[in-house]
Amino acid sequence: MPLGSWSLESAGRRGGFLVAEGDFPVLAPVTGAGGRTLRSRATYTVVRGLAAPRCVSLRAADGRYLRHSGMRLRLSAAEATALFGEDATFCPEPGRRKGTVALRSHNYPEHALRAHPDGIRLDFLGAARADPSGSFLVRAPWAR
């Protein structure tokens, strides 16, 4: 997964992008006709992993990071703790379909992000890889 600004589209829900909504990211439709605020909330800066440079961390436009807490993906301000770095680090792996990526948790390596009706959660890696809702397409950033 390349560093820089990107948007993540769910491979299981075409047109559903990972959008920073309050404290909990959701999958939401985003189009070129969408407002500037929505396009900004659907764009993340991918940086070297806070806990492992071979992995990645994702920062929202407002400066908060995607991290897991209680097995649920959330947005949190950076904390100078080892736990925060671990929770905010994901290791990209090939997703279910060619050209997609699964985001495995750095500190729970048997778990990866997967879309659920109530939000994005960590799920067992096998289940996430078997279901397109556990894979993402890395797209050009909506915010430009």
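The coordinates are above.
Residues numbered from 1 in each chain as written. Predicted model: local features only at pLDDT ≥ 70, side-chain atom pairs only at ≥ 80, totals over all residues. Heavy atoms only, no water.

A. Layout of the overall build of the protein. Across its full length, the protein holds three helices and twelve strands. Expected size for 144 residues packed as a compact globule is a radius of gyration near 15 Å; at 14 Å, the protein falls within 12% of this value. When the backbone C-alpha atoms are referred to their principal axes, the protein occupies close to 40 × 35 × 30 Å. With 144 residues in all, the protein has 48% of them scored as buried. A fraction of 48% describes how many contacts in the protein between residues 6 or more apart in sequence connect residues 24 or more apart. (Helix = DSSP H or I, 4+ residues; strand = E, 2+ residues; numbered from the N terminus. Rg over C-alpha atoms; globule rule 2.2 N^0.38 Å. Buried < 20%, exposed > 50% of the residue type's maximum accessible area, 1.4 Å probe, protein only. Contact = heavy atoms within 4.5 Å.)

B. Broad picture of the state of the cysteines. This model, assessed by the stated rule, comprises one disulfide. Across the disulfide from Cys-55 sits Cys-91; the S-S distance is 2.0 Å. Taking the sign of the S-S torsion, 80 degrees for the link of Cys-55 and Cys-91, the bridge is right-handed. With a gap of 36 residues between them, Cys-55 in the loop between strand 4 (44-48) and strand 5 (56-60) and Cys-91 in strand 8 (residues 90-94) connect regions that are remote in the sequence. As far as burial versus exposure is concerned, Cys-55 and Cys-91 are alike and both buried. (Disulfide = S-S within 2.5 Å.)

C. Representation of the nonpolar core in the model. Formed by 20 residues in total, the largest nonpolar core has its most connected members in Leu-18, Tyr-44, Leu-58, Leu-66, Leu-73, Leu-113 and Ile-120. Of all the secondary structure elements, the ones that give two or more residues to this core are strand 4, strand 5, strand 7 (72-76), strand 9 (101-105), strand 10 (111-116) and strand 11 (119-124). Per-element tally for this core: the top contributor is strand 5, with three residues. The contacts of Ile-120, once residues within four sequence positions are left out, are Leu-18, Pro-25, Leu-27, Arg-72, Leu-73, Leu-113, Arg-114 and Ala-115. Residues Phe-17, Val-19, Val-30 and Ala-42 belong to the second largest nonpolar core, which totals five residues. (Core = buried A, V, L, I, M, F, W, Y, C linked by side-chain atoms within 4.5 Å.)

D. Structural context of the environment of Leu-103. Positionally, Leu-103 belongs in strand 9. Residue classification places Leu-103 among the buried positions, given a relative accessible area of 2%. When near neighbours in sequence (up to four residues on either side) are disregarded, Leu-103 contacts Met-1, Leu-8, Phe-90, Cys-91, Pro-92, Ala-112 and Leu-113.

E. Representation of the pairing of strand 7 in the model. Bridge analysis of strand 6 (residues 65-69) against strand 7 gives five bridges, and the strand direction is antiparallel. Looking at the pairing, Arg-67 lines up with Arg-74 of strand 7. Between the end of strand 6 and the start of strand 7, which pair antiparallel, lie two residues, with Gly-70 showing a positive phi angle near 60 degrees. (Pairing = 2+ DSSP bridges.)

F. Layout of the side chain of Glu-9. Along the chain, the position of Glu-9 falls in strand 1 (residues 4-10). For Glu-9, a relative accessible area of 7% puts it in the buried group. Within the structure, Glu-9 has its side chain in polar contact with the side chain of Arg-139 (distance 2.7 Å). Once you skip the residues sitting within four places of it in the chain, Glu-9 turns out to touch Arg-14, Gly-15, Gly-16, Phe-17, Ser-135, Phe-136, Leu-137 and Arg-139. (Polar contact = N/O pair within 3.5 Å; in protein donor to acceptor, adjacent residues only side chain to side chain.)

G. Inspection of the pattern of salt bridges at higher detail. Scanning all chains against the criterion turns up eleven salt bridges. Ionic pairing is found between Arg-104 and Glu-93, a salt bridge with its closest N-O pair at 2.5 Å. Here Arg-104, found in strand 9, pairs with Glu-93, found in strand 8; they are eleven residues apart in sequence, far enough to count as distant. (Salt bridge = Lys/Arg side-chain N within 4 Å of Asp/Glu carboxyl O.)

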